[in-house]
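# Structural characterization, general
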4 protein chains.
Amino acid sequence: MQASKPKELTNESLRGYYKEVRAYTEKLCEPLKIEDYIPQPIEDVSPPKWNIAHTTWFFEEMLLKKYVSNYQEFNPNYSFLFNSYYNTVGERTLRHKRGDLSRPTVKEVFEYRKYVDDKMLAFFDQDLQKDIRDLVILGLNHEQQHQELFLTDLKYTLSINPIFPVYKEDFALVEKINDAQEGFIEVEGGIKQIGFTGEGFHFDNELGRHKVYLKDFEISESLITNLDFIEFIEDGGYENHNLWHSEGWDWVNQNNINSPLYWHKKDGEWFNFTLSGLHKLNPSSPLCHISFYEASAFADWKGMRLPTEYEWETAADKFEWGLRWEWTSSDYAPYPNFKTADGAVGEYNGKFMVNQRVLRGASVATSPGHSRMTYRNFFHPHLRWQFTGLRLAK
Amino acid sequence: MQASKPKELTNESLRGYYKEVRAYTEKLCEPLKIEDYIPQPIEDVSPPKWNIAHTTWFFEEMLLKKYVSNYQEFNPNYSFLFNSYYNTVGERTLRHKRGDLSRPTVKEVFEYRKYVDDKMLAFFDQDLQKDIRDLVILGLNHEQQHQELFLTDLKYTLSINPIFPVYKEDFALVEKINDAQEGFIEVEGGIKQIGFTGEGFHFDNELGRHKVYLKDFEISESLITNLDFIEFIEDGGYENHNLWHSEGWDWVNQNNINSPLYWHKKDGEWFNFTLSGLHKLNPSSPLCHISFYEASAFADWKGMRLPTEYEWETAADKFEWGLRWEWTSSDYAPYPNFKTADGAVGEYNGKFMVNQRVLRGASVATSPGHSRMTYRNFFHPHLRWQFTGLRLAK
Amino acid sequence: MQASKPKELTNESLRGYYKEVRAYTEKLCEPLKIEDYIPQPIEDVSPPKWNIAHTTWFFEEMLLKKYVSNYQEFNPNYSFLFNSYYNTVGERTLRHKRGDLSRPTVKEVFEYRKYVDDKMLAFFDQDLQKDIRDLVILGLNHEQQHQELFLTDLKYTLSINPIFPVYKEDFALVEKINDAQEGFIEVEGGIKQIGFTGEGFHFDNELGRHKVYLKDFEISESLITNLDFIEFIEDGGYENHNLWHSEGWDWVNQNNINSPLYWHKKDGEWFNFTLSGLHKLNPSSPLCHISFYEASAFADWKGMRLPTEYEWETAADKFEWGLRWEWTSSDYAPYPNFKTADGAVGEYNGKFMVNQRVLRGASVATSPGHSRMTYRNFFHPHLRWQFTGLRLAK
Amino acid sequence: MQASKPKELTNESLRGYYKEVRAYTEKLCEPLKIEDYIPQPIEDVSPPKWNIAHTTWFFEEMLLKKYVSNYQEFNPNYSFLFNSYYNTVGERTLRHKRGDLSRPTVKEVFEYRKYVDDKMLAFFDQDLQKDIRDLVILGLNHEQQHQELFLTDLKYTLSINPIFPVYKEDFALVEKINDAQEGFIEVEGGIKQIGFTGEGFHFDNELGRHKVYLKDFEISESLITNLDFIEFIEDGGYENHNLWHSEGWDWVNQNNINSPLYWHKKDGEWFNFTLSGLHKLNPSSPLCHISFYEASAFADWKGMRLPTEYEWETAADKFEWGLRWEWTSSDYAPYPNFKTADGAVGEYNGKFMVNQRVLRGASVATSPGHSRMTYRNFFHPHLRWQFTGLRLAK
């Protein structure tokens, strides 16, 4: 999964890469009914139609409209209909209104994809400069991020339907099962190098490789399992305010939280909702769909703590990762020398650097080839709809 | 339009009536794309899929499940998925969550209609008692109400899409144009009889024919037009607190109201959104999509008032009506001797008799055959998405 | 209590009346600590400081500033600080912010009263025209309304303090106990005259005496008691949706309502909070502090209904009233020929005529001399902090 | 100001320290009217009455009730009335309801202080163990924190009163004016020691002295002034989304922010509200009452950034500080080896370590003797009612 793309993509290999990533999105769509493309039950969750149009919009807005002379827009309304948060680009649909739009139809959105793909593939016939090729690669990584969001958002939307619809009967995200190693890896402290280095793709928030000083620490080899968390529940973890941040305790009580998201107790037995329907909870699977507050409370209950993102990155070559986005104790903040890019692309990361927590690793829903040890994901501490889990440190 | 159904329907004529009403719903669906069946932008507006399933649910829940032995439900989940507000029947989907459900699919909902229709048509082969036949007729009138809601809800949903989608290019609700009669009808006061009398269908809220004493009054022959209301706007009607109820004034200011719903001013000219798209406003058409607050403020500005529902009913045989639901000054309250029916059907009307205003007449979106002079419609005073207008009294 | 003021007040008798009413306000203040003048726990409830300043403001704003040449305002800021809702007069403190103002101090507000009283008493030396004398009388009736609000608001504020402070140890609103007459008065129907007639003071909303037609009806001689309502509670009245308006049912569930306001159950026994502290509930006292929703649900549970305000007014000379503001089933609407007065005084009543219910009678907290059989009080249907009760009709 | 208390306090010196700190609170109260003790206009702001009772509660709850045998509570209700957020101690008044309580009176609260002071002074006659003496010192530092809150909260409450009341005519928080040094201090990077060391008082969140690695950096000698910020405003800083965090931009637009808190523009000139009333803004004073969002946007506009708390602590001995709480870019997080104390005292700091930003330094409102270079203050990023300012780094 961690295989990175060739360092220098030729136009030809870029074309192949483009086709591969774009095709993967469409493969994810195959099991959907047209109705599934529309609803947006909460603001965080975008409709599939919006996800697949917005990723296309990126290529039209950031590349074709800028670098292809006489480019004819597919539809001038799409520019604001499918903008996400780029103030620089102009007006846009309010985020929580994405599910209110029945038109354009799904068919039209696929025609839009086809139209933009044709233009992009023709675009690769030109002799593209490095900064343009880099922008294409950014667009493809952006699309991969939305592929994961496609699955996580869809899971949420199906989960709140009382009839628990199935995305795909035989759909199973491949879980690399830990070899039941419950040990801790000891890491010696000292000055460590943090941040991206090398030639492949990376986001701007990974840049600015820099030194940090770490104390000696230990980090667990494997992720916390469902069984571990059931023990926490049964020990009254959700009722003991001493384990929780003040805001976490409010969150628990205001939302009547008493289990991870998607867990259902029926006749004394735990089930969880998955993209292939409601199934008995597998106790040895890595815990999933928890908030930062729950991760912290669990760690506190264990008498341990969450790792910092620096500790995680320093030790990640020693443990198996990639199953869950792992909550760290680190605030999402710029690395030293972080520079915001000019224009709309500059809105990609920097402006979100407050009130969010860094997650490291990748999840079973992350697209192939879209993960690195220096990758920094981030969410607000109360959110649970991503495939989030935790690893302990001490 | 006011033609009432035959007083005593035979099983055979009931079957024909059933087929006719049910077919009309499906005719309304013809121009829709599947995507259009899903969104619910505000709580008041139900998705088309819900409207067409819920009307079917009525026949399954209130008739087939009760009176057909060994009746096999189409799908046991539909009982709560498509319940609207009948506490007696049991749990139901929260009203504002109807747009979050992509499944069952539209195709499945039409199969549900087909299944229930087949069972109902077979049901008519039996020798039905009067109370059962009456329940069928209630179900058909209920469906006609949802046919009007289908159009008004759909209009709202399309209207908030920035690309203003068209329901049907050549769709025009036939407007009976007033012959520019601006006169007032003088009605002599005295004791009047109010409420339904006769044999045809009626709702329980029209019953309890009773006497009221009315003073002499005058009521306008024709409805207020768009042009009349433009004068109100241009005279600063929306900025003059003296014209408004206190709650109306708050409503205006909190929602930045400065025109009827669906009006758009472009380059100094008024347009309005319709089911056939955005068109120039016709100044001589009856005003539409106003709240009770706007109706009252307009009347006050004219130095007149809204009629009471008693005045309206007393005079309605003297003027042409049926174009707009006409706001009256009357609170929606039970007539003397109003009795709530037993069971779920008893939840039809009585429990809404607080904080709502009576509207009389019918609108251009009302289904054929679904109007009477004694009909009592009702909405909260701030609502505008129905085809509402006004007539003055003094 | 129902004694009306002399029909034609001379300047001298007006002076006496003024002094009497103003003194009564100050008498109500005697038991207060300075701290009690400040808090406003909910928007409906005004701080005592505001109540006593606002009633003074009325005389300064509506009389002294208009009719006394060279009148020197006490403090120019008070004009907007103590305006309630008169848009005509200009800007004002937001209603829910009244409790945020520590200054002016209570001492300053009493100086303000003294200053305005001195000017008013001097004003009575002039030869006042009838419309000015009427305005003084309006101001005094306005002050009497705020005297009742003073008590009801203060009761609410003290009630939410966990230490249940006492306004006055020996304070007891005198309850005229019904002679346990549980009978019903039969009233013959026909055309009845409704509305104020005569010479004494009245509000504009009572005017426009007019005919209504009533059917024969029966109305109970006495008010519903606490014991009656305990039976309703014990019979599951708060859990039975069939008894409630749809909005009432929502109100019950969203606010976890399971008893009248100020009732507390301790060790299986009912207590209620009063202005003299927390006491055991007297079962034979008239029920108090209920919403319109509760009144309606109770009536429905009894198989009866609330009287209309017309029925109430027609029968009121046959029963003892004045203990509770009695919920009627009538919407608060203008009588025929209701005219809004010009200027700020015109904002007194008309603009509130939507979404409110008429209450008839008076309560034990109503000021002496401030009640009439034609008096129309009004509140929103969910409100309970006034001394509200109910009488049944059938 | 930075003078720390003697390392080892004897009982006698502790008694003197206790009397000094407690007296300072009462000195702050002198200019108040009784009315000023009550209002709580927003949840963040506590009424003065609450502040002075709560600090007393700390000594009664944490010391007298635990360590004085047969201690008689002053009033058993105060235990929950004046608890702030200590879940361990039990129930408490909801934080946003503190302003709704008129009783106990201010006089009673001062009697409570006197009662507890007497008991505490007697307590010092005993031979106290170190952990008890430390708890007393913690209580006094806690009281000093509430002394600053007393002033900042009061300032807010007076500021929203349209008549701008004055706390004290001649009240001026002494501003150490910078000598107009606009230079930057260069600091060489490397491994630095961070956190409290030594013997004096400190909070638990400063402990765990540890190493961090810092790059070379520069930090400004003086604080940003009002004039600097006026330039930002005049350059359109509040309208340029590129300068803001996404959440900051939402905050600006939802709250119509266009200047620091307490600034008022009259006839083109800036004034600001202070505890001695509304005065012309002094352009050379350090900027005050800004949010983290504003601090960040300003720094971005200057092409620089905020310092981290590590940079600040490393360089603080080279610049003059103590005028403003200075926003840093650091998330409020536990230092390595941070341990939560057992019991209620353990709720002091740790449970707030999410979604807050560290502020360093002290402000002109900080009590004498209550500041250190290792002190870590913290607030949510949108808050402005504290005396907050900023210093740049690059």
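### Side note on the overall build of chain A
Scanning chain A from terminus to terminus reveals nine helices and eleven strands. In terms of overall size, chain A behaves like a compact globule, its C-alpha atoms giving a radius of gyration of 22 Å where 394 residues would be expected to give roughly 21 Å. Dimensions of chain A, computed from C-alpha atoms along their principal axes, come out at roughly 65 × 55 × 35 Å. Out of the 394 residues belonging to chain A, those deemed buried represent 60%. The long-range share in chain A, meaning contacts at least 24 apart out of those at least 6 apart in sequence, stands at 77%. When the accessible surface of chain A is split by element, carbon and sulfur atoms take 48% of a total near 15,900 Å². Separation between the mean location of the 44 positive side-chain charges and that of the 58 negative ones in chain A comes to 3 Å.

### Observations concerning the relation of the copies chain A and chain D
The two copies are related by a screw operation: chain A maps onto chain D through 180 degrees of rotation and 0.0 Å of translation along the axis, at an RMSD of 0.0 Å. On this basis, the relationship between the two copies can be described by a two-fold rotation axis. Same-surface contact between copies: 100% of interface residues of chain A are shared with the interface of chain D.

### Some words on the packing of helix 2 (residues 48–67) of chain A against helix 4 (residues 106–123) of chain A
All names here are of chain A. In the contact formed by helix 2 and helix 4, the axes pass within 10 Å of each other and the chain directions differ by 35 degrees. The crossing of helix 2 and helix 4 is left-handed. Mapping the contact onto sequence places Lys49, Ile52, Ala53, Thr55, Thr56, Trp57, Phe59, Glu60, Leu63, Leu64 and Tyr67 in helix 2 and Val106, Val109, Phe110, Tyr112, Arg113, Val116, Lys119, Met120 and Phe123 in helix 4.

### Some remarks on the domain arrangement of chain A
Residues and elements named next belong to chain A. Once the domains are mapped, chain A shows domain 1 (11–159) and domain 2 (184–389). Distance from the C-alpha centre of domain 1 to the C-alpha centre of domain 2: 27 Å. Facing the 28 residues of domain 1 at the interface are 27 residues of domain 2. Regarding the contact of domain 1 and domain 2, the summed buried area is about 2,600 Å², with carbon and sulfur atoms giving 63% of it. On the domain 1 side of the interface with domain 2, the three residues burying the most area are Tyr85, Glu148 and Lys155, jointly 27% of the side's total. Counting across the domain 1 and domain 2 interface gives zero salt bridges. Across the domain 1-domain 2 interface, the total number found is twelve residue pairs in polar contact (both at pLDDT 80 or more). Among the elements of the structure, helix 2 and helix 5 (130–159) are those that each provide at least two residues to the side of domain 1 that touches domain 2.

### A look at unusual backbone geometry
Residue Pro104 of chain C is bonded to the preceding Arg103 of chain C through a cis peptide linkage, with omega at -5 degrees. Topologically, Pro104 of chain C is positioned in the loop between helix 3 (78–81) and helix 4 (106–123). For Tyr262 of chain B, which is not a glycine, the phi torsion comes out positive at approximately 75 degrees. Its relative accessible area of 6% is what places Tyr262 of chain B among the buried residues. The backbone of His289 of chain C sits at a positive phi, close to 60 degrees, despite the residue not being glycine.

### Details of the pattern of salt bridges
According to the stated counting rule, one finds 88 salt bridges over all chains in the structure shown. One salt bridge connects Glu26 of chain C with Arg113 of chain C, and the closest N-O pair in it is separated by 2.7 Å. Placement of the pair is Glu26 of chain C in helix 1 (residues 11–29) and Arg113 of chain C in helix 4, with a sequence separation of 87 residues. You can call Glu26 of chain C partly exposed: its relative accessible area is 30%. In this structure Arg113 of chain C comes out as buried when scored by relative accessible area, which is 1%. Asp118 of chain D serves as the salt-bridge partner of Lys114 of chain D, at 3.0 Å between the closest nitrogen and oxygen. With Lys114 of chain D and Asp118 of chain D both in helix 4 (residues 106–123) and four residues apart, the pair spans about one turn of that helix.

### A short note on helix 2 (residues 48–67) of chain C
Residue and element names in this part refer to chain C. When the terminal C-alpha atoms of helix 2 are compared, their 28 Å separation across 20 residues agrees well with the 28 Å that a helix rising 1.5 Å per residue should span. Of all the bends in helix 2, the greatest, near 35 degrees, is centred on Glu60. Burial within helix 2 is extensive, with 17 of its 20 residues counted as buried.

### Structural notes on the arrangement of the chains
A gap remains between chain A and chain C, which never touch, and the nearest two C-alpha atoms on either side lie 14 Å apart. The least C-alpha distance between chain B and chain D, which are not in contact, is 14 Å.

Thresholds, definitions, all that
- Residues numbered from 1 in each chain as written.
- Chains lettered and ligands numbered in written order.
- Predicted model: local features only at pLDDT ≥ 70, side-chain atom pairs only at ≥ 80, totals over all residues.
- Heavy atoms only, no water.
- Helix = DSSP H or I, 4+ residues; strand = E, 2+ residues; numbered from the N terminus.
- Rg over C-alpha atoms; globule rule 2.2 N^0.38 Å.
- Buried < 20%, exposed > 50% of the residue type's maximum accessible area, 1.4 Å probe, protein only.
- Contact = heavy atoms within 4.5 Å.
- Areas by Shrake-Rupley, 256 points an atom, 1.4 Å probe, with all protein chains shown as cover.
- Lys, Arg positive; Asp, Glu negative; His and termini not counted.
- Charge placed at Lys NZ, Arg CZ, Asp CG, Glu CD.
- Least-squares fit on C-alpha atoms with pLDDT ≥ 70 in both.
- Axes fitted to C-alpha atoms, helices over the stretch in contact; angles between N-to-C directions.
- Left-handed = near helix turned anticlockwise from the far one by under 90°.
- Domains from an automatic or database assignment.
- Buried area = accessible area lost by both parts, 1.4 Å probe.
- Salt bridge = Lys/Arg side-chain N within 4 Å of Asp/Glu carboxyl O.
- Polar contact = N/O pair within 3.5 Å; in protein donor to acceptor, adjacent residues only side chain to side chain.
- Expected span 1.5 Å × (residues − 1).
- Bend = angle between axes of the 7 residues up to and from the residue.

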